[in-house]
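# Working through the structure, step by step
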Amino acid sequence: EVPIVLFCAFCPWQTCVLLLQFIEAIVVLVRQTSHVRITRALRCIFLVDCRYCGAVRRNLRQIFQSLPPFIDILLLLLFFMVIFAILGFYLFSPNKSDPYFNTLENSLVNLFVLLTTANFPDVMMPSYSRNPWSCVFFIVYLSIELYFIMNLLLAVVFDTFNDIEKMKFKSLLLHKRTAIQHAYQLLVSKQRPLGISFKQFDGLMRFYKPRMNSRDRYLTFKALSPSNTPLVSLKDMYNFYEVVGLKWKAKKNREHWFDDLPRTAFLIFKGINILVNSRTFQYTMYTLVAVNGLWILVETFMLRDGIFSRDVPWSYIVFLTIYGVEVLLKITGLGPIEYLSSGWNFFDFSVTLFAFLGLLALAFDMKPFYFIVVLRPLQLLRLFKLKKRYRNVLDTMFELLPRMASLGLTLLIFYYCFAIIGMEFFSGKLYPNCCNSSTVADAYRWVNRTIGNKTVVEEGYYYLNNFDNILNSFVTLFELTVVNDWYIIMEGVTSETSHWSRLYFMIFYIVTMVVMTIIVAFILDAFVFRMNYTRKNRDSEEDSGIVLEREVSKEEMTAVAEMYGRNGATSAASQLLKVVSQMDRHRQTSMLFLGRRSRTKSDLSMRMYEEEIQVGCKRLQAENQKYRLRELCS
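Residues numbered from 1 in each chain as written. Predicted model: local features only at pLDDT ≥ 70, side-chain atom pairs only at ≥ 80, totals over all residues. Heavy atoms only, no water.

### Regarding the overall build of the protein
- A tally of regular secondary structure across the protein gives 24 helices and five strands.
- For the protein, buried positions account for 38% of its 634 residues.
- In the protein, 71% of the contacts between residues at least 6 apart in sequence involve partners at least 24 apart.
- Element-wise, carbon and sulfur atoms account for 64% of the exposed surface of the protein, whose accessible area totals about 37,700 Å². (Helix = DSSP H or I, 4+ residues; strand = E, 2+ residues; numbered from the N terminus. Buried < 20%, exposed > 50% of the residue type's maximum accessible area, 1.4 Å probe, protein only. Contact = heavy atoms within 4.5 Å. Areas by Shrake-Rupley, 256 points an atom, 1.4 Å probe, with all protein chains shown as cover.)

Below, the structure written as structure tokens:
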């Protein structure tokens, strides 16, 4: 019974793959010979189903949800392609010197390739040489297919993607509200029907976030209750998911790290602090960075035959010294913690450190580390801070990185499937001097001949784009994704196998077009969303993140610690008593705590769709009231 239960626990896709692999293994054992094994391409389904690939599953789900409108436009595109293929066959097949339209199959294939512009204008020239008016056929085809339908495809996918993102956010928000309502109804007591006390809330947090310490649990409770009442209402609990992610730290009484130093030292460090925070200092550094960039450009332009000098240039030492002094001044004036808490400062420190390592590599002739010197131009990225639009672009890029990583992994999964299929069918088919019967034979020709006293080697490198192993297959598939001269690989494989091999390359192009269109739509959605949000909230500064302040008195901390002590939670009580002793040490009756977290797209969406969310919440409340009335009537 246990194996049956485990087998049924798998998702239907996994069950089908396991069944196919089992049948394939039986066939191999019976026949005792090797054969084409397509099921190996389906192994990635088991990878996608693991707990770490949730984002990949969401991407695949979004791709499948975007397929219906995509397929509609794709069918329209293929319809026009077939019409033009028939028209091109009748127009250009009488020209015996035109190899592109001599059959209906070649006509259709070459128009498919023309859609990617990889064979243009080669595909037009034989007919154009006989009749200049034949260019009208290709101009009309590209205008309709490439510039109209392909852009329409992107617009439809973007619109669908935008709707899916909005519906997904609203659905997630309503699910969260429903979960909060259920939790509230379970935690509220008959003695206190107006809200949840800290004792009940502490039990919830022990289950929801077991690693959170007792101080942060109490501060989270305080953050949910803006009126400082001992009870948290349902309306306050709706902010649970926004507040629970805050990281709490005690607010320092001193403004700067050097406030407790002697007066002379204080004045020195205060002067440095004012200097590094001044606009004059910042724009001076921007000017020096720009000058450094121009100097690197001139130095690179003056290099002879691409020979890289091993000597340390004086400009390298001068600008590195300036950057080093800037880092030291900022660390001294702001303090190490405040300095490194800024992303831009951390970037400056990293680039300066790598520049120093590059200087050591040049000075001590450490050849394996010469690549570090190439990182010097990264300092120019600091100039993007000057304009807000550039800052928005960079901020959006950093926000997109996690999602882009999951989209890249999704694309790799498709690559793996096609790579395995390509290895099964096309392994060993491409080699030097193959494809002699095809129109792309020159790209695979390898000739070694002697002319006079010299040996001339004519080598076409396209035989390296093969499916002999998984690495070569991935490189070949990437070249097919770029679509520059991809038809040479397709025609080479076709000449060594069969005409049906073209289906593999065409299907791969369509699949990658779907995934790449989704990626482009995702990037467009992110940028458009941020621009609309910035336009709607011009006066707000969203880059500072979410910050909440809560003041806790000594009596409150003592009472909560006693509550933990009565319940036997001695470790939690000791954590709170440490805060009380810290107040006694500084002779304070209360302590101010700051809760911080970065602003997420969910926070931005809450403000963007505020009106629509309120309508959805009112609808949810109405449904809950109807449900309660039914329960009372029953």
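Past the structure itself, the notes keep going.
### A few points about the sheet that holds strand 4 (residues 546–553)
- An order of 1-5-4 is seen for the three strands of this open sheet, with the pairing classed as antiparallel. Lying at the two open borders of the sheet, with one neighbouring strand each, are strand 1 (247–250) and strand 4. Within this sheet the neighbouring strands show an average axis-to-axis angle of 25°, counted without direction.
- Pairing analysis gives eight bridges linking strand 4 to strand 5 (residues 590–597), with the strands arranged antiparallel. Its bridge partner lying in strand 5, Ile546 is registered against Arg597.
- Contacts between helix 9 (residues 214–224) and the sheet are confined to strand 1, strand 4 and strand 5, with strand 4 contributing the most and set at about 105° to the helix.
- On the sheet, helix 22 (residues 570–585) packs against strand 4 and strand 5 and is oriented at approximately 125° with respect to strand 5. (Pairing = 2+ DSSP bridges. Axes fitted to C-alpha atoms, helices over the stretch in contact; angles between N-to-C directions.)

### Some thoughts on the packing of helix 14 (residues 314–334) against helix 16 (residues 343–363)
- In contact at an axis separation of 10 Å, helix 14 and helix 16 are set at 140° when each is read in the N-to-C sense. For the element pair helix 14 / helix 16, the angle class is oblique. Considering how the two elements wind past one another, helix 14 and helix 16 form a crossing that is left-handed. On the side of helix 14, the interface is formed by Tyr316, Ile317, Leu320, Tyr323, Gly324, Val327, Lys330 and Leu334, while helix 16 contributes Asn345, Asp348, Phe349, Thr352, Ala355, Phe356, Gly358, Leu359 and Leu362. (Parallel < 35°, antiparallel > 145°, perpendicular 65-115°, else oblique. Left-handed = near helix turned anticlockwise from the far one by under 90°.)

### Section: the nonpolar core
- Among the nonpolar cores identified, the biggest contains 68 residues, and Leu111, Tyr444, Leu477, Trp486 and Phe505 are the most heavily contacted of them.
- Residue assignment for this core shows that the elements contributing at least two residues are helix 4 (54–92), helix 5 (104–115), helix 7 (135–187), helix 17 (388–426), helix 18 (470–482), helix 19 (486–496) and helix 20 (501–536).
- By residue number, the principal contributor to this core is helix 20, which donates 14 residues.
- Those residues within four positions of Phe505 in sequence are excluded, and the remaining contacts are Phe426, Phe467, Leu480, Trp486, Ile489, Met490 and Val493. (Core = buried A, V, L, I, M, F, W, Y, C linked by side-chain atoms within 4.5 Å.)

### Describing the side chain of Asn273
- By secondary structure assignment, the location of Asn273 is in helix 12 (residues 263–277).
- The class for Asn273 is buried, based on a relative accessible area of 7%.
- Beyond its immediate chain neighbours, meaning those up to four positions away, Asn273 contacts His256, Phe258, Gly333 and Leu334.

### Considering the pattern of salt bridges
- Evaluated as defined, the whole model comprises eight salt bridges.
- Lys222 is the salt-bridge partner of Glu556, the closest N and O atoms lying 3.0 Å from each other. Placement of Glu556 in helix 21 (residues 554–566) and of Lys222 in helix 9 is noted, with a sequence separation of 334 residues between them.
- Look at Glu556 and you get partly exposed, because its relative accessible area is 23%. (Salt bridge = Lys/Arg side-chain N within 4 Å of Asp/Glu carboxyl O.)

### Structural notes on the packing of aromatic side chains
- This structure, assessed with the given rule, holds 34 aromatic pairs.
- Look at Tyr415 and Phe508: their rings are 5.8 Å apart centre to centre, the planes differ by 55°, and that puts the pair in the tilted class. Here Phe508 lies in helix 20 and Tyr415 lies in helix 17, a separation of 93 residues in the sequence.
- Residue Phe508 is classed as buried on the basis of its relative accessible area, which comes to 2%.
- Taken together, the ring pairs connect Tyr415, Phe418, Phe425, Phe426, Phe467, Phe474, Tyr504, Phe505 and Phe508 into an aromatic cluster.
- In this structure, Lys176 packs its charged tip against the face of Tyr241, placed 5.1 Å from the ring centre. (Phe/Tyr/Trp six-rings, centres within 6.5 Å; stacked < 30°, edge-to-face > 60°. Lys NZ or Arg CZ within 6 Å of the ring centre and 35° of its normal.)

### Looking at the packing of helix 12 against helix 14
- Between helix 12 and helix 14, the least distance of the axes is 8 Å, while the angle of their chain directions is 120°. The orientation of helix 12 relative to helix 14 falls into the category oblique. Both helix 12 and helix 14 take part in a crossing whose hand is left-handed. Contact with helix 12, carried on its side by Phe269, Ile272, Asn273, Leu275, Val276 and Asn277, involves Leu329, Lys330, Thr332, Gly333 and Leu334 of helix 14 and no other residues of that element.
- Tallied by class, residues from the contact of helix 12 with helix 14 come to six nonpolar, four polar and one charged. (Nonpolar A, V, L, I, M, F, W, Y, C, P; charged D, E, K, R; others polar.)

### Details of a nonpolar patch on the surface
- A cluster of nonpolar side chains, namely Leu19, Phe22, Ile23, Ile26, Val27, Leu29 and Val30, defines an oily patch on the protein surface of about 670 Å² accessible area.
- You can see Ile26 is positioned in helix 2 (residues 12–31). (Patch = residues over 30% accessible without salt bridge, like charges linked within 9 Å, V, L, I, M, F, W, Y side chains within 5 Å.)

### Brief notes about a positive patch on the surface
- On the surface, a cluster of positive charge is made up of Lys209, Lys247, Lys249, Lys252 and Arg596.
- Examined against the element boundaries, Lys209 turns out to sit in the loop between helix 8 (198–208) and helix 9. (Lys, Arg positive; Asp, Glu negative; His and termini not counted. Charge placed at Lys NZ, Arg CZ, Asp CG, Glu CD.)

### What to know about the confidence of the model for the protein
- With 83% of its residues at a pLDDT of at least 70, the protein reaches an overall mean of 79.
- Here residues 1–10 is a poorly scored stretch, pLDDT under 50, and it has four contacts once near neighbours within four places are set aside; other chains count. (pLDDT = per-residue confidence, 0-100.)

### Regarding unusual backbone geometry
- Geometrically, the link from Phe120 to Pro121 is a cis peptide bond, its omega value of 5° lying close to zero.
- The phi dihedral of Thr117 is positive, around 60°, even though this residue is not glycine.
- Mapped onto the fold, Thr117 is located in the loop between helix 5 and helix 6 (125–130).
- Phi at Asp485 is positive, roughly 60°, even though this residue is not glycine.
- Note that Asp485 resides in the loop between helix 18 and helix 19.

### A word on the environment of Leu224
- Assignment of secondary structure puts Leu224 in helix 9.
- Relative accessible area serves as the criterion here: at 2%, Leu224 is assigned to the buried category.
- Each C-alpha atom, one on Leu224 and one on Tyr238, is 8.8 Å from the other, the two residues being 14 residues apart in sequence.
- Apart from residues no more than four positions distant in its own chain, Leu224 is found in contact with Phe201, Val232, Asp236, Met237, Asn239, Phe240 and Val243.

### Some words on helix 18
- Between the first and last C-alpha of helix 18 there are 19 Å, a value that for 13 residues agrees with the 18 Å anticipated at 1.5 Å per step.
- Of the positions making up helix 18, those classed as buried are Ser473, Thr476, Leu477, Leu480 and Thr481. Mapping the buried residues of helix 18 onto a view down its axis gives an arc of 145°, with all of them on the same face. Facing away from the buried surface of helix 18 by more than 90 degrees, the exposed residues are Leu471 and Phe478.
- The distance from a side-chain oxygen at the start of helix 18 to the backbone nitrogen of Leu471 is 3.2 Å, and the residue carrying that oxygen is Asn469.
- Remark: Val483 follows helix 18 within two positions and exhibits a positive phi of approximately 65°. (Expected span 1.5 Å × (residues − 1). Arc of directions from axis to C-beta. Polar contact = N/O pair within 3.5 Å; in protein donor to acceptor, adjacent residues only side chain to side chain.)

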